[in-house]
Amino acid sequence: MKIKNILFFVLFLILILFGFSNINKSTENLDIDRIKNSLDTALITCYSVEGRYPESVQYLRKNYGFTYDKNSYFITYDWQGDNVYPNIYVYRKGNE
């Protein structure tokens, strides 16, 4: 009977740890989506006001209030011209 209780407890702990891992991954995905949405908003605002897409994310940070945690996330911004919507990718640093 004692072994069953120990096994049940160990299984319970494994399930809890698995659940926390899934919650953490879900939160990371929501953060990435939030950054992408915020960047999209800044890009559309810039294009509406200036009639062009900026050449860099730094321009959006300086002139349109776009912010993100540079220590935790990396953004690739592929600018192709004033009237072409840039390719944007957001990655969490430390993830492969």
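Residues numbered from 1 in each chain as written. Predicted model: local features only at pLDDT ≥ 70, side-chain atom pairs only at ≥ 80, totals over all residues. Heavy atoms only, no water.

1. Looking at the overall build of the protein chain
Assigned secondary structure in the protein chain consists of two helices and two strands. Counted from the first residue to the last, the protein chain has its helices and strands arranged as α-α-β-β. Looking at the protein chain residue by residue over its 96 residues, the buried ones come to 22%. In the protein chain, the share of contacts with a sequence separation of at least 24, taken over all contacts with a separation of at least 6, comes to 40%. As displayed, the protein chain has an accessible area near 7,300 Å², and 58% of this comes from carbon and sulfur atoms. (Helix = DSSP H or I, 4+ residues; strand = E, 2+ residues; numbered from the N terminus. Buried < 20%, exposed > 50% of the residue type's maximum accessible area, 1.4 Å probe, protein only. Contact = heavy atoms within 4.5 Å. Areas by Shrake-Rupley, 256 points an atom, 1.4 Å probe, with all protein chains shown as cover.)

2. Re the packing of aromatic side chains
This model, assessed by the stated rule, comprises four aromatic pairs. Taken together, the ring pairs connect Y47, Y53 and Y85 into an aromatic cluster. (Phe/Tyr/Trp six-rings, centres within 6.5 Å; stacked < 30°, edge-to-face > 60°.)

3. Topic: the pattern of salt bridges
Counted according to the given criterion, the structure contains one salt bridge. For R52, the salt bridge identified is with E50, shortest N-O distance 3.2 Å. Residue classification places R52 among the partly exposed residues on the basis of a relative accessible area of 24%. (Salt bridge = Lys/Arg side-chain N within 4 Å of Asp/Glu carboxyl O.)

4. Quick word on the environment of Y47
Following the sequence through the fold, Y47 ends up in helix α1 (residues 2-50). Note on Y47: relative accessible area 31%, which makes it partly exposed. A C-alpha to C-alpha distance of 8.3 Å links Y47 and N83, two positions 36 residues apart in sequence. Beyond its immediate stretch of four places on either side in the chain, Y47 contacts R52, Y53, D82 and N83.

5. Some thoughts on the pairing of strand β1 (residues 73-78)
The alternating pattern of β1 places Y73, I75 and Y77 on a buried face, while none of F74, T76 and D78, on the opposite face, is buried. Across six bridges, the pairing between β1 and strand β2 (residues 87-92) is antiparallel. Residue pairing for β2: I75 is matched across the bridge by V90. (Pairing = 2+ DSSP bridges.)

6. Regarding the nonpolar core
Counting 16 residues, the largest nonpolar core has F66 and I75 as its most contacted members. Looking at this core, the elements that each hand over two or more residues are α1, α2 (57-64), β1 and β2. In contact with I75, other than residues within four places in its own chain, are I35, L39, V57, F66, Y68, I88, Y89 and V90. (Core = buried A, V, L, I, M, F, W, Y, C linked by side-chain atoms within 4.5 Å.)

7. Considerations on the confidence of the model for the protein chain
Chain-level statistics for the protein chain give a pLDDT mean of 86 and a share of 88% at 70 or above. The secondary-structure element of the protein chain with the lowest mean pLDDT is α1, recorded at 82, while α2 shows the highest, at 95. (pLDDT = per-residue confidence, 0-100.)

8. Comments concerning the environment of N29
The residue N29 is located in helix α1 in this model. The spacing of N29 and Y91 is 62 residues in sequence and 9.7 Å in space, taken between C-alpha atoms.

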